[in-house]
Amino acid sequence: MRSTAARARDRAIIKRMNQQQLAYVRERDAKIMQNYRRAQGQGDGYADARGEYARKMTEWRRAVAACNAGRWEYCD
């Protein structure tokens, strides 16, 4: 068994290392959340793009139906 002083020194070193690691993890997680919140604040890009795609597909389907019905101006 090591001396009491050696165990106390090891305990202090381990405590300091744990505190440093905790500070690192908290800082890392704060940056991740900041980036996440910034991305969320810019609107839901996927939902916006999906809505635009749905609108364009609806217009295209109407043009195809009009073309098939003989309205040649829609047959581009």
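Residues numbered from 1 in each chain as written. Predicted model: local features only at pLDDT ≥ 70, side-chain atom pairs only at ≥ 80, totals over all residues. Heavy atoms only, no water.

Draft legend 1. Region of the structure containing the overall build of the chain. On a plain count of helices and strands, the chain comes out with two helices and zero strands. For the chain, the C-alpha radius of gyration of 31 Å lies well beyond 11 Å, the compact-globule estimate for 76 residues. Working note: accessible area of the chain is about 7100 Å², and carbon and sulfur atoms make up 55% of it. Here the chain contributes 17 positively and 9 negatively charged side chains, and the mean placements of these two sets differ by 18 Å. (Helix = DSSP H or I, 4+ residues; strand = E, 2+ residues; numbered from the N terminus. Rg over C-alpha atoms; globule rule 2.2 N^0.38 Å. Areas by Shrake-Rupley, 256 points an atom, 1.4 Å probe, with all protein chains shown as cover. Lys, Arg positive; Asp, Glu negative; His and termini not counted. Charge placed at Lys NZ, Arg CZ, Asp CG, Glu CD.)

Draft legend 2. Region of interest: helix α2 (residues 45-68). Spanning 24 residues, α2 covers 34 Å between terminal C-alpha atoms, matching the ideal 34 Å at 1.5 Å per step. Backbone geometry just after α2 places G70 at a positive phi near 100°. (Expected span 1.5 Å × (residues − 1).)

Draft legend 3. Focus on the state of the cysteines. Tallying each qualifying case throughout the model produces one disulfide. With its sulfur 1.9 Å from that of its partner, C67 forms a disulfide with C75. Every disulfide takes its handedness from the sign of the S-S torsion; for C67 and C75 that torsion is 115°, giving right-handed. By relative accessible area, C75 is classed as partly exposed at 30%. (Disulfide = S-S within 2.5 Å. Buried < 20%, exposed > 50% of the residue type's maximum accessible area, 1.4 Å probe, protein only.)

Draft legend 4. Structural detail: the pattern of salt bridges. All told, the structure shown has five salt bridges when counted by the stated rule. Where D29 meets R28, a salt bridge forms, and the shortest distance between an N and an O atom there is 3.0 Å. Given the relative accessible area of 35%, D29 is considered partly exposed. (Salt bridge = Lys/Arg side-chain N within 4 Å of Asp/Glu carboxyl O.)

What is shown is where atoms sit, not what they do.
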